[in-house]
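# Analysis of the macromolecular model
Here are the chains, one letter per residue:
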Amino acid sequence: MSFLYPHYLLIKDLHIGLAFASILFFVVRAYWSVRGMAMLQQRWVKTLPHLIDTFLLLFGVTLMMMLRAWPQQQPWLAVKLLALLLYIVLGTFAIKRGRTPTSRAGFALAAILVFGYMLQTAMTKDPLFFIS
């Protein structure tokens, strides 16, 4: 693919790097949320995840267009995008909408598991990788 798109590997590496930055920062923020730490209210803590995730999504869409891999034609991609929506919902409950520290921790764990599922689905291109 890199012969058709000379920047393909760079974009893919940036997408992967941003995915890891996103989950690492999510884990840190989830910990702060469960512990009720004031650090979570810092402006940069509220802004950085949106910046990381915007570029993560931008590079993901760019890769999708480069590969001409459309969700309606690639079941793994459709499932990954649905899992992304679930991850976002779980993440909002883990960081700010969960009512108790225990519930926020549970939502955080569920979000991390969904992220792992997305990662494995992307690596195997198989949404049912756990059956194979």
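Treat the numbers as computed from the prediction; the structure is a model and nothing was measured. (Residues numbered from 1 in each chain as written. Predicted model: local features only at pLDDT ≥ 70, side-chain atom pairs only at ≥ 80, totals over all residues. Heavy atoms only, no water.)

Once that is clear, we can look at the side chain of His15. Within the secondary structure layout, His15 lies in helix 1 (residues 8-35). Look past the residues within four positions of His15 in its chain and what remains in contact with it is Leu56, Phe59, Gly60, Leu63 and Lys80. (Helix = DSSP H or I, 4+ residues; strand = E, 2+ residues; numbered from the N terminus. Contact = heavy atoms within 4.5 Å.)

This next bit is on the nonpolar core. By size, the foremost hydrophobic cluster in this structure holds 26 residues, and its most contacted members are Phe26, Tyr87 and Phe115. Listing elements by their share of this core, those giving two or more residues are helix 1, helix 2 (43-67), helix 3 (75-97) and helix 4 (101-124). Considering each element in turn, this core owes the most residues, nine residues, to helix 1. Each residue touching Phe26, except ones within four places of it in the same chain, is listed here: Tyr87, Gly91, Ala94, Ile95, Ala108, Ala111 and Ile112. (Core = buried A, V, L, I, M, F, W, Y, C linked by side-chain atoms within 4.5 Å. Buried < 20%, exposed > 50% of the residue type's maximum accessible area, 1.4 Å probe, protein only.)

Here helix 3 contains 23 residues, and its C-alpha end-to-end distance of 31 Å stays within 8% of the 33 Å for a straight helix at 1.5 Å per residue. Residues of helix 3 that are buried include every one of Trp76, Leu77, Ala83, Tyr87, Leu90, Gly91, Ala94 and Ile95, and no others. On its buried face, helix 3 is in contact with helix 1, helix 2 and helix 4. (Expected span 1.5 Å × (residues − 1).)

Backbone geometry at Arg68 places phi at a positive 55 degrees, although glycine is not the residue there. Mapped onto the fold, Arg68 is located in the loop between helix 2 and helix 3. For Lys125, which is not glycine, the phi torsion reads 60 degrees and is therefore positive. The residue Lys125 is located in the segment after helix 4 in this model.

Within the secondary structure layout, Arg29 lies in helix 1. One buried charged side chain, Arg29, makes no salt bridge at all; its nearest oppositely charged neighbour is Asp53, positioned 6.1 Å away. Setting aside anything within four residues of it in sequence, one finds Arg29 in contact with Leu40, Val45, Pro49 and Ile95. (Lys, Arg positive; Asp, Glu negative; His and termini not counted. Salt bridge = Lys/Arg side-chain N within 4 Å of Asp/Glu carboxyl O.)

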